[in-house]
Amino acid sequence: MSTDTAAGTGTAGDGDNVRWFAELGLGDLEIVGGKNASLGEMISNLADAGVSVPDGFATTASAYQRFLGDTGLAARIADRLRALDTDDVRALSAAGAEIRREVVEQTFPPALEADIRAAYEKLAGGDAEASFAVRSSATAEDLPDASFAGQQETFLNVRGIDAVLTAIREVFASLYNDRAIAYRVHHGFEHEAVSLSAGVQRMVRSDVGASGVVFTMDTESGFRDAVFVTSAYGLGEGVVQGAVNPDEFYVYKPALAAGRPAILKRGVGDKATKMVYTDSTEVGRTTAFVDVDPAERRLLSLTDDEVTDLARQAVRIEEHYGRPMDIEWGKDGLTGKIYILQARPETVQSRAGTSTERYRLTGAGEVLIEGRAIGQKIGAGNVRVLTDIDQMNDFAPGDVLVADMTDPDWEPIMKRAAAIVTNRGGRTCHAAIIARELGIPAVVGTGTATRALADGDPVTVSCAEGDTGLVYAGQVDFEVEETGLDAMPEIPTKIMMNVGTPDQAFAFSRLPHAGVGLARLEFIINRQIGIHPRALLELDTLDAPLKAQIEERIVAYPSARDFFVQRVAEGVSMIAAAFAPEPVIVRMSDFKSNEYANLLGGELYEPHEENPMLGYRGASRYLSADFAECFAMECEALRHVRDEMGLTNVKIMIPFVRTVAEIEGVVRLLGEHGLRRGENDLSVVMMCELPSNALLAGDFLEHVDGFSIGSNDMTQLTLGLDRDSALVAGGFDERDPAVLALLEMAISACRERGKYVGICGQGPSDHPDLARWLLDQGIESMSLNPDTVVDTWLHLAKP
């Protein structure tokens, strides 16, 4: 029987005991709980929209109440919990264990058992090999303002009616897991007010396929226009529990809706293990973790088409529910079809207000370990390495919890932690979800935290530096700044941002802004590629050790060239999507020769220059024969972002142009690579950072759409000093009259010709009087580092 073929309609046996998913909807939450009501809602309303959900049935809340009430269990449970102090970990553990044992040992009322058997026979359809998932669904679960997800048990690969009956009792008992008892107390839910339904659903064979979690928004920043997908081999519990570090993808909703290529980012997780079926029929022993073949670990577990299909289903679910959603999915490895297994409201970022908190390190320290950042905060405390729940009494409020995998059973202790660090887990595991809900930073998937961090040592856990979370030795100073995003005053210029790290783009876009005035392509190449472009183009000519090192990094991509183009396109599109529809000005790569040499393989291709700052860089590099194919790859990436993905808010900027002939040549070269100025709304601007650019501004502006003033290079070249030399650094000042004279010439030339003129140096942030002077000159925009945006904005608003 197909997993998505309805087994029947109407009631299964006594409708007061068992209901089919196909007859359920969101209005039935009090009957079958949030999870099962949601499955019914999707089967009933979204099948025609292409959302595939496996069929099944659910026991009702009233059946659960009779199961407890008719046997006297309900009264005994109430007595046991009445005086329980849930902050007393040992008492909580003892009470929970006693209650669960009694529930599991209790037999079903005969009518309920008969109805479950009848429904099972109809669902199985005589297939002796059929396997099922038995999941909990609490009547207070998956509400928009609460997150009960993962508190009750799930049993997978359950085979045979006797095993299904046992699994249902285990599910009923799991309403009294320690974490579930504590959560209800802490969030004001009466124990008696929450009932449990067990959902019995045909298994999707993701044990030989893949599975994971989808959020229809970015879980860290709350950015709404992206779908966040995690994926790993095997059954989804491995991802949900945090036992597996999964692959990660971001998909851009507007491009998806337009039928364009929409994947913003692909990230390969290590996927060291996967959960698969065992031959056992004993409940709780029907699945096991096995190692993934090392060659498979380095590959992506989903194709682009599969990611797109999954994102499309997720968006349809979000549109139907009218709110961001948290979705579990599975790919059947036998058929290749993708199914939705659960869907519930996202409960953390969707409640965020109209202000933003920005954490920033102000001190420095040694990095001990790194992993995936959860949240964007910083926490500090003493390391407490725990290997077992029985060690909870050793944990003091404000400690940093370090564990192999922070099982959600540990929620009572997690809420006392300053931060959490784990060996395993991805950004959608239960530990990550609970950390977000508690509002504490977590670094997951570090690999070796329990070995690398010593019990009792002070550490600082930073999730404020992008996608990578860092654990520093000692207590490193940091500050917190809160900004009200709905109360920024009017100012007579546009404030843009300098953004070079795609991982932080979604978060930065929450700040007030008029777009990105400087997106540095060399930052993207350094962070996301790390290999010299010629080494990729000439891979087959490299010596064996270097070739092997590069092949290890690019194995998930079709070719070395595809690796470069896709990774650059991913970095640019993340920034462009975050700030759309505002302009994002992307500066083509501006590495100096010594910086290019630091990339893997770079020493083979870069000259040694006495003063790289004045050497082989910018426009002259693009026009050289040695760099021609490298520049072609940069252009191919930008053309994909603009023309294929539809992110036409991307503008192009050319750095370090010495002569008018150079800018003519580069603009012509861009056109030859399909990036024609004026076509498809493409603007090409030029860095105005050499005195020649200001002195001959009118001539340069004949070939571009405007200037972005680079005050750093302009100052050093005007004053003839090396800004990297401590011996003369004291003389570096953008406010020097000679520098201001050149800036005034450049700004005036742009204004006279109706061309764009902005500044992307740090001068306006460092010197409020310079910012005021630029306003008086009529500068169109100032592009600042994100941490200075609010202060500079407020300063410029002063009379």
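Residues numbered from 1 in each chain as written. Predicted model: local features only at pLDDT ≥ 70, side-chain atom pairs only at ≥ 80, totals over all residues. Heavy atoms only, no water.

**Focus on unusual backbone geometry**
Looking along the chain, the bond that leaves Ala 580 and enters Pro 581 is cis, with omega of 5°. By the secondary structure assignment, Pro 581 is in the loop between α19 (560–579) and β25 (584–587). Positioned with a positive phi, Lys 271 is a non-glycine residue whose angle comes to about 45°. When you line up the elements, Lys 271 lands in the loop between β9 (263–267) and β10 (273–277). Overall, Lys 271 belongs to the buried group, its relative accessible area being 0%. The backbone of Asp 681 sits at a positive phi, close to 65°, despite the residue not being glycine. Mapped onto the fold, Asp 681 is located in the loop between α23 (660–672) and β27 (684–688). (Helix = DSSP H or I, 4+ residues; strand = E, 2+ residues; numbered from the N terminus. Buried < 20%, exposed > 50% of the residue type's maximum accessible area, 1.4 Å probe, protein only.)

**Considering the sheet that holds strand β1 (residues 18–20)**
The strands making up a sheet associate through backbone hydrogen bonding, with each pair oriented either parallel or antiparallel. Ordered in space as β1-β2-β5-β3-β4, the 5 strands form an open sheet in which the pairing is antiparallel. The outermost strands of the open sheet, each flanked by one partner alone, are β1 and β4 (154–158). Put simply, the sheet's adjacent strands are angled 20° from each other on average, direction ignored. The pairing of β1 with strand β2 (residues 56–59) spans 3 bridges and is classified as antiparallel. Directly across from Trp 20, in β2, lies its bridge partner Phe 57. Sitting on the sheet, helix α6 (residues 161–173) touches β2, β3 (132–138), β4 and β5 (196–202), and the angle it makes with β5 is about 145°. (Pairing = 2+ DSSP bridges. Axes fitted to C-alpha atoms, helices over the stretch in contact; angles between N-to-C directions. Contact = heavy atoms within 4.5 Å.)

**Things to note about the pattern of salt bridges**
The full count for this structure, using the stated rule, is 45 salt bridges. The closest approach of N and O atoms between Arg 587 and Glu 522, which form a salt bridge, is 2.5 Å. Of this pair, Arg 587 sits in strand β25 while Glu 522 sits in helix α16 (residues 521–528), and the two are 65 residues apart along the sequence. This pair shows no difference in class: Arg 587 is buried, exactly as Glu 522 is. Here the salt bridges do not stand alone but share partners, grouping Lys 265, Asp 467, Asp 503 and Arg 527 into one network. (Salt bridge = Lys/Arg side-chain N within 4 Å of Asp/Glu carboxyl O.)

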